Amino acid sequence: MFSQFALHERLLKAVAELKFVEPTPVQAAAIPLALQGRDLRVTAQTGSGKTAAFVLPILNRLIGPAKIRVSIKTLILLPTRELAQQTLKEVERFAQFTFIKSGLITGGEDFKVQAAMLRKVPDILIGTPGRMIEQLNAGNLDLKEVEVLVLDEADRMLDMGFAEDVQRLVDECVNRQQTMLFSATTGGSGLREMIAKVLNNPEHLQLNAVSQLNSTTRQQIITADHNQHKEQIVNWLLANETYQKAIIFTNTRAMADRIYGRLVAQEYKAFVLHGEKDQKDRKLAIDRLKQGGVKILVATDVAARGLDVDGLDMVINFDMPRSGDEYVHRIGRTGRAGNDGLAISLICHGDWNLMSSIERYLKQSFERRTVKEVKGTYGGPKKVKASGKAVGVKKKKTDVKGDKKKTAAKTPTKRKSANRPKPDSLVSSDGMAPLKRRKPAEPAAE
Ligand code: AMP
């Protein structure tokens, strides 16, 4: 029950209005500490309810009678526009019975309109680092009186090259009293450096031991012979599975476009999102998906960042993601806040070792599924090592172009898959450390 927290009655009223009954684990762990003013480092994924975990204590601190606003009291930095917009909505929903005002600063929106908003001085400012810096440089932004700073999806901000911008904005908040840093992963040295610099004796809450992720999401694999066969399986799944909305992940823009084209040709209501799409397309895709006009989204990882869409209950990994963390992010799109979800990864010969590395990383075994209507010949390696990887298999021709013959997997070739990291680089010897290779903001292959 949310009444267990020492939250103002107006906030509890909003919580009840939103029909939140039970706090999620991250809320139960973080809210009491945040209310005490502690610095927090929270490892929790999108979908865990982490936004409310920091928003409610912030609002509780700011709550009071209407007053003339003289300074921004809270700054929330996030990696993407969509995430910033979603967070603003969440703040507004929780603040509906208070006089607290919030504002949004992201790229892709009118600079002057934002400057005018800043002149009215919101209590809470939410946004992405790049545009914040531009407003700062233009002399429109004063962060000197910020008391609470939140760095949400800090690992993503670093991945996207925002380290310097974030640090500069942090340095502007000279009078801050509390800092909360959220990340979906335990991150690498960049994140550790940032934590050491910005947090003061933080409490570390680790909510997503990866093995506990998405207990409400079934995770399955279906083996496939080649890309054309994967397309057949996708068709079968879309036609036969029960789902409200589905997302199909690919590793490349070209493959996303190709699958999208096929779906549209079959008169599916679909949308494609990848790094080449501009902000307008992204907004449109997400709006349509939210409103239900579009049921299927084909996306690359970068494009899907920060996506929070109700009813997204099926994730199909057309390509296996290149790292365990990326897998966790993709699957985090479904099974949100206790809803059931289904995640299906399509595994060709060339995906097998990557898949088994991810299983070890997650300390989980994916359910093997066969669909007899579209069953192929490949069913996994003949022999596997204790690690789950294939025994003694030389690099074989992968199916970048969608091989025509089912026997392709049996044809040895020297060509290496251009985009995949070697599976061995994926997991450290203890099987748990974050993966060595951090993915660049937009994969080079896209
Ligand atoms: P987040 O991880 O903050 O992006 O939250 C994911 C989704 O779960 C959002 O749509 C929230 O509104 C919703 N949510 C968060 N906390 C709860 C809760 N305690 N009960 C029900 N839904 C929640």
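Residues numbered from 1 in each chain as written. Predicted model: local features only at pLDDT ≥ 70, side-chain atom pairs only at ≥ 80, totals over all residues. Heavy atoms only, no water.

An unreviewed UniProt entry lists the protein under the name DEAD/DEAH box helicase, from Pseudomonas khorasanensis. Per UniProt, the protein has the following entry under Sequence similarities (unreviewed entry): "Belongs to the DEAD box helicase family." (UniProt positions renumbered as here; feature names shortened; annotations may be inferred.)

Give me the lowdown on the pairing of strand 6 (residues 178-183), citing residues and values where you can.
Within strand 6, six of the six residues are buried, which leaves the element mostly enclosed by the surrounding structure. As judged from the four bridges shared by strand 1 (residues 40-43) and strand 6, these two strands associate in the parallel manner. Looking across to strand 6, one finds that Arg41 is bridged to Leu181. With four bridges joining them, strand 5 (residues 148-151) and strand 6 adopt parallel strand pairing. Bridge pairing links Leu151 to Leu181 in strand 6. (Buried < 20%, exposed > 50% of the residue type's maximum accessible area, 1.4 Å probe, protein only. Helix = DSSP H or I, 4+ residues; strand = E, 2+ residues; numbered from the N terminus. Pairing = 2+ DSSP bridges.)

I'd like to hear about the site of the ligand, residue by residue, with values.
The full set close to the ligand counts 17 residues, and Glu22, Gln27, Gly47, Gly49 and Thr51 are the nearest of them. Residue Lys50 places a main-chain N or O atom 3.3 Å away from an oxygen atom belonging to the ligand. Contact distances for the ligand include 3.4 Å between an oxygen atom and a side-chain N or O atom of Glu90. Contact with the protein chains hides 85% of the accessible area of the ligand, taken as 500 Å² for the molecule alone. Elements with a contribution of two residues or more to the shell around the ligand: helix 3 (50-62) and helix 4 (81-94). Across the shell around the ligand, the residue classes tally to four nonpolar, seven polar and six charged. Here the shell around the ligand spans two domains, and each of domain 1 (2-208) and domain 2 (212-374) adds at least three residues to it. (Near = heavy atom within 4 Å. Polar contact = N/O pair within 3.5 Å; in protein donor to acceptor, adjacent residues only side chain to side chain. Areas by Shrake-Rupley, 256 points an atom, 1.4 Å probe, with all protein chains shown as cover. Nonpolar A, V, L, I, M, F, W, Y, C, P; charged D, E, K, R; others polar. Domains from an automatic or database assignment.)

An account of the nonpolar core is requested, with residue identities and associated values reported.
Counting 39 residues, the largest nonpolar core has Leu56, Ile58, Leu59, Ile124 and Met180 as its most contacted members. Elements with a minimum of two residues in this core: helix 1 (9-17), helix 2 (25-35), strand 1, helix 3, helix 4, strand 4 (124-127), strand 5 and strand 6. Element by element, the count of residues in this core is highest for helix 3, at eight residues. Contact partners of Ile124, with chain neighbours within four places excluded, come to Ile58, Leu59, Leu62, Thr74, Ile76, Val91, Ile100, Lys101, Ser102 and Gly103. (Core = buried A, V, L, I, M, F, W, Y, C linked by side-chain atoms within 4.5 Å. Contact = heavy atoms within 4.5 Å.)

Give me the lowdown on the packing of helix 4 against helix 12 (residues 279-291), citing residues and values where you can.
Taken N-terminus to C-terminus, the directions of helix 4 and helix 12 make an angle of 50 degrees; their axes are 11 Å apart at the nearest point. By the criterion of interaxial angle, the relationship of helix 4 to helix 12 is oblique. As for how helix 4 packs across helix 12, the hand of that crossing is right-handed. Where helix 4 approaches helix 12, its residues Arg81, Glu82, Gln85 and Gln86 are matched on the opposing element by Gln279, Arg282, Lys283, Ile286 and Lys290. Taken together, the residues that form the contact of helix 4 with helix 12 break down as one nonpolar, three polar and five charged. (Axes fitted to C-alpha atoms, helices over the stretch in contact; angles between N-to-C directions. Parallel < 35°, antiparallel > 145°, perpendicular 65-115°, else oblique. Left-handed = near helix turned anticlockwise from the far one by under 90°.)

Run through the sheet that holds strand 4, naming residues and quoting values.
If you trace the seven strands from one edge of the open sheet to the other, you get 3-4-2-5-6-1-7, paired in parallel fashion. Two strands in the sheet have a free side with no partner beyond their single neighbour: strand 3 (102-105) and strand 7 (203-206). In this sheet, adjacent strand axes meet at a mean angle of 15 degrees when their direction is disregarded. Across four bridges, strand 2 (residues 74-77) lies against strand 4 in parallel orientation. In the sheet register, Thr74 faces strand 4, and the bridge partner there is Ile124.

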